[in-house]
Structure formats: C-alpha cells, structure tokens
Amino acid sequence: MSHPADENVETKEMDSRSLSSNGQEPYVHKVGIPPKQSFFKEFLYTVKETFFSDDPLRPFKDQTKSRKFVLGIEAIFPILGWGRTYNLQKFKGDLIAGLTIASLCIPQDIGYSKLANLSPQYGLYSSFVPPLIYAVMGSSRDIAIGPVAVISLLLGTLLQNEIDPKTNPTEYRRLAFTATFFAGITQATLGIFRLGFLIDFLSHAAIVGFMGGAAITIALQQLKGFLGIEKFTRKTDVISVMHSVFSSAHHGWNWQTILIGATFLCFLLFAKHIGKKGPKYFWVPAIAPLISVVLSTFFVFITRADKHGVAIVNHIEKGINPSSVKEIYFTGDYLAKGVRIGIVAGMIALTEAIAIGRTFASMKDYQVDGNKEMVALGAMNVVGSMTSCYVATGSFSRSAVNYMSGCETAVSNIVMSVVVFLTLQFITPLFKYTPNAILASIIICAVINLVDYKAAILIWKIDKFDFVACMGAFFGVVFASVEIGLLIAVSISFAKILLQVTRPRTAILGKIPRTTVYRNIQQYPEATSVPGVLIIRVDSAIYFSNSNYVKERILRWLMDEEERVKREYQTRIQFLIVEMSPVTDIDTSGIHALEELFRSLQKREVQLVLANPGPLVIDKLHTSNFANFLGEDKIFLTVAEAVAYCSPKLAEEP
C-alpha cells in the first residue's frame, strides 16, 4: 500500500508493525522525523516569519535592475505607482471628498487644539502639512489625516503634567513639538525595522475600553466651554471635573453660552441622525459643523454676546506654518520628557491609524501595508514637528466621511490640505467671534460614537477576560487619568497573554460513537471513554513557562479519573495517552517535564503513550533521546492507533 508524502514534512522513515485484532493486521505508520535543518536555516526562517511574513520582496522577483529600482522608489512613495493611472474621473471623486472632509476638519481642528492646550492655529497647521506628506507616502486610499480627539487629549494631559500651558506657553509649545518629533521617530522606526507586530499587543477589547473612557473624559472636559465656566480643574478624572462643574453652578455658569451650546448640539445630533438614514445623506453630518460655526459666529457678532460673558476664540494667527525646527528640544531636561510622551502618543496614534486603514481597505478589497503606513505616519509627524504641527493621525469620523464621499485615492487629503491652506491665508480672521460653546458642541458630537457599548456587550458575551480588560481601561481613564487607563489596558492585555502562555488548556478526550475520532468529552457528551485508558490533549506549546503546570495538570486529571473508576468499579487506568497535535513546539524544560511525568506514571504503574507529535516536537524528542527513553513503540500517528495498541495489552491483563 502506497502512502503520499506530506507536502510540508518529508519523513525520514516509514515503518510498520502488526497488531493482532480480529485476525486482521492493520498497517500502522510510525511518526515521521523531519529532515534535519541547519541552525542557520531555522534562524533565517524564524526571522523571515517574524519580520517579513508579508514577503515584501515578492514583486521584485525576476525583474530587471532598472525595474527593481523603480519598484523600490514606488515602495517608498506609492503615489508614483497609482499616480500613473490617475485620471479626471478619479479626481472628481477626490475633489468632492476633499472639500467635504475639509468642511468637517476646520471646526474640529480648532476645537481639538484646545484639548491639546495649544492655540487654534496649531490644529489647522496639523491638517495642512501632514496630509500632504501622507498622500505621497501612505498606502491607504481612504484614511483622512489630521488631529484627533483622543490623541489631542492624551498629549494635552501628558504635557501639562510637565509644564503649565498658561504660565509657560512657549516652553509648553516647544515640548509639544518635541513630543511630536519623537512620536514620528517611534512610528517610522517601527515601520523601518518591521516591528509593527508590537502594536498588536494592545488588544481590541482594551482599545474599545480606552476609546470609550477617553470619549467620556473629552466630553466632560467640554463642559468648561459648554457652560461658560472660567475657572476649571486641570484634572481629567470624572470626580474632579464634576466637582469643578457643580461648585461653580451658582456663579460660574453663563446662560447665553449654554443656550448657544445646547441649540447647536441638538442641531448637530439631528444632522447625525439624518446621516444615518442612508448613504445619500452622508454630507448632512459632514457639513453641519461648519454651518454651526458660521451661524453661531454671525449670531455672536451681531448681538455682541461676547460682551455678556460668552467666551469666543478671539485671534487666530493668520498665514501658513512657521518653521519650528529650532523649537524642538534636542538637549536639556525636557528631552527625556519629550521622548517619553512622544513614544506613548506615537504608539496610540499608530494603533488608531492602522485600525482605520485596515477597516476601510477591507471594505474596498485592497491591501494596506502596515509597515509602509508606519513609515508614512512617522515621516509626516517628523516633518510636522518641524512645521509647527502636533501629532496627527487617521481620524475615524473624517475617514468615514471621506469613504462615503466617494474618494478614490489619497488626493482627497491633498484637496483638504489646500482648503486648510486657503483658510489659514485668508479666512482665519472670520473665526474671531466663534464661541467656544460651539466648538465644545462639535467635539461632544464627534466623540459620542467612540463610546461603543455594542462592542462592549459583544466582548462580554465572547470573552469575560477581554471584558475585564475593556472595563479596566474604561474606568482607568474615567476615574483616574488617560495615562493610567492606558497603563491598565496594556497591563491587562499582557496579563491575558501571560495567563494563556503559563496556563494552557487541557482536555480529556473520548471516542465519538461509530467513528475512530476522539474529541473533548465536555464538547461532545456522547463521547465515551476507553476502559483502562485516559486520553488527554494539551492545547499549547510546552515551554519553560508552562511545562510544570502541564505535568501537574495531567497528573491531576489522572488522579480525578482514578478516583472515578474506583468509585464506579471500572477498569483501573493503565495507559495515559497524551494527544500532542496542538503542541506546536517544546523546549528543554518541556522535555524535562515529560521525563518527570513518565517517572511519576511508572510509580503508579501507568504507561505513558504519545499521539501525533508535530515535526518540531518529534525532532526534539529524538534529539534529546526521550523517544528512546519512552520507547518508540509508544509514539503513534493518531489517537486511534494508540488506543488500538493499548487495548490488546489490557485484554492480556489477568
């Protein structure tokens, strides 16, 4: 009888041994040992799968040197690739999308800069230069670049812990540019060295909780502008904010400000409701913030409400971004602080941008290169830090509008940038009488969707530990601070990884009736145990971090089973089969644990049998001589063959 070779593992030896069962002699495969690989080849394979799993050099195969050079340039500047097929039809879509997101970004940028404790023009600056850099280097067609609420709040919170923005505005601004520079360096470094997998350590559940908590915090911070409060706490936790709000209720609230804020917040929420009625109404919530700014500014101007306590934006610096290269701290006490803040802000901005880019890429069925994205985002923030910008990233709300507007390429970012440029050159004086209340309303309306309670409910249903991570991040942000919430989110995510690594799942297997298939008896209650045989599956690689636990857990399973069969007067357990197909790898600690398990079972007069060890595992079992120590006749290809081996032995027992 011929057997086809496995495509992935070429076996060194194929052996057979006969077992007498009902007069038949079934052919039983011996577990194959893969051919020896040199350490250098194994090392290269591991490096390739870790850092180059997407095979970035595939397009360069079988190409001429000149073509390889062109492809290399296009890899750095993707615009040179898709730009060759760009046409007027695509430009029409990009023009409409760019104008639409510009109308949304201008009022948002002014508001977000206040979250970062910076003057309004810095928000506009950050939607002028960074989108231009991204359009040239980015690989996403739909992402819209600019300041976002969460990063603005995070940056503002971390920076004001170091420098008071009111008493030392110049040093504060310089530290903001320094943090932006190192945020860009962090992002670009991750991309260049292909370390993008590091951002995956922040789980989806933790991000949902962090974003929800940040949204609540941002909305609470807007109560200062929404209620017209002059003296407001610098702390961001909900208790401090609510104490500050209610302690000023009798003398610090301004009814004209509240009227303006409440009226336009209702208008914005109504516009958002209209937008949900269908794709053709996408422009309603997109244009509503700009309409609100225009109307509220006009109202304040003609009524001179600013004379009656309504706080206004006042002066916005006119003109394009001045150079800020000399303002970045490259030496001194603030350098280390700028690096620390920049790394944190850069990682969070990167996580948000990559998630947004992948989301919209999947909708249009194209690929986003995560490492190219990191380099592009890093480059735009480095350049941005030198042109008076603070940390910019992908905005979900603007990207959604960009997508719904029918954008075709990153040219929509260029169109938005041009509109912001014209605004900075000619229109900023018109924002002088814009009330702070309308900016607060715009931000509150924008961050509402970040509280994704449906996702939290789904997380609760799927994984309770994930829900703990989600709620930990949420309550950490709301009741402590943004950085504490972030720390909790990362800590719980790592705790989950450690728990899964150090405490892998194990299961007792039983035979599915009328088959030779063995499955978890908890999942399949109809599965029956084999008399005198205990079958246990280990659902993880066996490493130093969990080897002792795996050994002890198997022995506990055995003790429980021995107590059960003794209680029910069944056949004594004489064989313990370990199903190893999920065990992808094993180290020296794992092999040592198997040796200890073997000795413990010997004392109990129970024989250890292994089933279906993978190529890496069987290779290491032979290299360590454990296979000979155990006996090669006790290592089987399947559980069914292992049971078939044990059954005649049981029949021979007196």
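Residues numbered from 1 in each chain as written. Predicted model: local features only at pLDDT ≥ 70, side-chain atom pairs only at ≥ 80, totals over all residues. Heavy atoms only, no water.

As named in an unreviewed UniProt entry, the protein chain is Sulfate transporter 1.3, taken from Pisum sativum. What the UniProt record of the protein chain gives under Sequence similarities (unreviewed entry) is the line "Belongs to the SLC26A/SulP transporter (TC 2.A.53) family." The Subcellular location (unreviewed entry) comment attached to the protein chain in UniProt states, word for word, "Membrane". (UniProt positions renumbered as here; feature names shortened; annotations may be inferred.)

Undergrad: Lay out helix α11 (residues 238–247) in plain terms, naming residues and giving numbers.
TA: Every α-helix winds through 3.6 residues per turn, so residues three or four apart in the chain are directed the same way. Those residues of α11 that fall on the buried side of the exposure criterion are Val238, Ser240, Val241, Ser244 and Val245. Viewed end-on, α11 has its buried residues packed into an arc of 165°, placing them on one side of the element. Along α11, exposed side chains directed more than 90 degrees from the buried face belong to Ile239, His243 and Phe246. Against the buried residues of α11 lie α9 (204–221), α10 (223–227) and α20 (464–479). (Buried < 20%, exposed > 50% of the residue type's maximum accessible area, 1.4 Å probe, protein only. Helix = DSSP H or I, 4+ residues; strand = E, 2+ residues; numbered from the N terminus. Arc of directions from axis to C-beta. Contact = heavy atoms within 4.5 Å.)

Undergrad: Mind laying out the pairing of strand β5 (residues 533–538), listing which residues take part and the relevant values?
TA: Burial of β5 is extensive: 6 of the 6 residues sit out of reach of the surface. Burial along β5 is two-sided: Val533, Ile535 and Arg537 facing one way and Leu534, Ile536 and Val538 facing the other are all buried. In terms of strand pairing, strand β3 (residues 506–511) meets β5 through 3 bridges, oriented antiparallel. Within the sheet, the bridge partner assigned to threonine 506 lies in β5 and is valine 538. In this fold, β5 hands off to helix α22 (residues 547–567), which returns the chain to strand β6 (residues 575–579); that crossover is right-handed. (Pairing = 2+ DSSP bridges. Right-handed = clockwise from strand over helix to strand, strands pointing away.)

Undergrad: Give me the lowdown on the side chain of serine 248, citing residues and values where you can.
TA: By the secondary structure assignment, serine 248 is in the loop between α11 and α12 (255–275). Separated by 3.0 Å, the side chain of serine 248 and the backbone oxygen of serine 244 make a polar contact. Setting aside anything within four residues of it in sequence, one finds serine 248 in contact with Ile229 and Trp253. (Polar contact = N/O pair within 3.5 Å; in protein donor to acceptor, adjacent residues only side chain to side chain.)

Undergrad: I'd like to hear about the sheet that holds strand β7 (residues 607–611), residue by residue, with values.
TA: Strand order in the open sheet formed by 6 strands is β4-β3-β5-β6-β7-β8, with mixed pairing between adjacent strands. Of all strands in the sheet, those with a lone pairing partner are β4 (518–520) and β8 (635–636), marking the two edges. The sheet contact formed by β5 and β6 spans 5 bridges and is parallel. From the neighbouring strand, isoleucine 535 faces β6, where its bridge partner is isoleucine 577. Contacts from α22 reach β3, β5 and β6 within the one sheet, and its direction differs from that of β5 by about 150°. (Axes fitted to C-alpha atoms, helices over the stretch in contact; angles between N-to-C directions.)

Undergrad: Can you break down unusual backbone geometry residue by residue, with the values?
TA: Of note, the phi angle at asparagine 117 is positive, near 60°, even though the residue is not glycine. As for its placement among the helices and strands, asparagine 117 is situated in the loop between α4 (88–115) and α5 (120–125). Given a relative accessible area of 29%, asparagine 117 falls into the partly exposed group. One non-glycine residue, asparagine 314, adopts positive backbone phi at about 70°.

Undergrad: Requested: an account of the nonpolar core, with residues and values cited.
TA: General note: in soluble globular proteins, nonpolar side chains tend to be found buried as a group. Of all hydrophobic cores here, the largest spans 100 residues; its most connected members are Leu155, Phe210 and Ile218. Element by element, the count of residues in this core is highest for helix α18 (residues 436–447), at 10 residues. Apart from residues no more than four positions distant in its own chain, isoleucine 218 is found in contact with Leu115, Ala149, Val150, Leu153, Ile443 and Val447. Among the nonpolar cores identified, the runner-up in size contains 34 residues, and Ile542, Val578, Leu597 and Leu610 belong to it. (Core = buried A, V, L, I, M, F, W, Y, C linked by side-chain atoms within 4.5 Å.)

Undergrad: How would you summarise the packing of aromatic side chains if you had to cite specific residues and measurements?
TA: For any two aromatic rings, the description comes down to two numbers: the centre-to-centre distance and the angle of the planes. Applying the stated rule across the entire model yields 17 aromatic pairs. Seen in terms of ring centroids, phenylalanine 626 and phenylalanine 629 are 6.1 Å apart; in terms of plane orientation they differ by 45°. Their pairing is tilted. Taken as a pair, phenylalanine 626 and phenylalanine 629 lie in helix α25 (residues 626–630) at a separation of 3 residues, close to a single helical turn. Since its relative accessible area comes to 0%, phenylalanine 626 is described here as buried. An angle of 45° between the planes, with centres 5.1 Å apart, marks the rings of phenylalanine 636 and tyrosine 645 as tilted. For the pair phenylalanine 636 and tyrosine 645, a shared accessibility class is recorded, and that class is buried. Following the ring pairs from residue to residue traces out a cluster consisting of Tyr122, Tyr125 and Phe177. Between the NZ or CZ atom of arginine 174 and the centre of the ring of tyrosine 329, over which it lies, the distance is 4.1 Å. Its end group placed over the ring of tryptophan 460, lysine 464 keeps NZ or CZ at 4.7 Å from the ring centre. (Phe/Tyr/Trp six-rings, centres within 6.5 Å; stacked < 30°, edge-to-face > 60°. Lys NZ or Arg CZ within 6 Å of the ring centre and 35° of its normal.)

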